[in-house]
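Topology and contacts: notes
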Amino acid sequence: MDRRTFLKTSVAMAPAWAGLIGREAVGAANRSEALRPTLRAVVDDAELFIGAAVKPGLLEPASPYAQTLAQQFNMLVAENAMKPATTQPEPGRFDFSKGDRLLQFAKRHDQTVRGHTLLWHKGLPQWMGKRLANDKALERVMSDHIQQLCTHWAGQIYAWDVV
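Described below are features of the structure shown in this document. (Residues numbered from 1 in each chain as written. Predicted model: local features only at pLDDT ≥ 70, side-chain atom pairs only at ≥ 80, totals over all residues. Heavy atoms only, no water.)

Concerning the nonpolar core
For clarity, the cut-off: In plain words, nonpolar cores are sets of buried Ala, Val, Leu, Ile, Met, Phe, Trp, Tyr and Cys residues tied together by side-chain atoms within 4.5 Å. To sort residues, take the accessible area from a 1.4 Å probe on protein chains only and compare it with the maximum for the residue type: under 20% means buried, over 50% means exposed, and anything in between is partly exposed. Helical segments are the DSSP runs of H or I of at least four residues, strand segments are the runs of E of at least two, and each set is numbered from the N terminus. Whether two residues touch is decided by their heavy atoms; if any such pair falls within 4.5 Å, the residues are in contact.
If you look at the biggest cluster of nonpolar residues, it comprises 22 residues, and the most contacted ones within it are Leu69, Leu76, Met82 and Leu102. Among the elements of the structure, β1 (51-54), α3 (64-72), β2 (75-78) and α5 (97-108) are those that each provide at least two residues to this core. A per-element tally of this core places α5 first, with four residues. Ignoring any residue separated from it by four or fewer positions in sequence, one finds Leu69 in contact with Ala52, Val54, Leu59, Leu76, Phe105 and Gln111.

If you want it as structure tokens, here you go:
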């Protein structure tokens, strides 16, 4: 399914999801407050994922951002924390701290993490872009980068956006 079809389908389904999520459960007669399921509860029951792109720097435990992520989503995707500019800012120097923070949060809240992304043209550090002129150098840099990330986060990432 291409992006345009996905977006059209998503927009077309929005009223149905809103009705499903907004459905009020009938409680005891003296209960004045209606119960509403979370997005996460609805998709968990259907064995689906619902996720959000996440900035690990905003994952303070008491923040509304972190609370919403924990309550509403069963999958998290790193917004920029796993892109090459963040994970390998200099040749051979890897920094996994932001991605690790996201994974720790997800583990505490029983969430799945999709890796985003091993390589991305807009997420390359400046030094890596300079090495792209030589095919052999490019192959070596890309291979090492992918191997380092996949080794460090082995068994913790559900799936990767590769390129």
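Some words on the packing of aromatic side chains
Aromatic ring pairs are defined here through the distance separating the ring centres and the angle between the ring planes. What counts is decided by this rule: For Phe, Tyr and Trp, rings pair up if their centres lie within 6.5 Å, where Trp contributes its six-membered ring, and each pair is then called stacked (planes under 30 degrees apart), edge-to-face (over 60) or tilted (otherwise).
Here the structure, examined in full by the defined rule, presents four aromatic pairs. Seen from their ring centres, Phe94 and Phe96 are 5.8 Å apart, and the 10° between their planes marks the pair as stacked. For Phe96, a relative accessible area of 13% translates into the label buried. With a centroid separation of 5.3 Å and an interplanar angle of 80°, the aromatic rings of Phe96 and Trp153 are classed as edge-to-face. One end of the pair, Phe96, is in the loop between α4 (84-87) and α5; the other, Trp153, is in the loop between α7 (135-152) and β4 (159-161), and 57 residues separate them in sequence. In this structure, Phe96 and Trp153 share a single accessibility class: buried. Aromatic rings pair up to connect Phe94, Phe96, Trp153 and Trp160 into one cluster.

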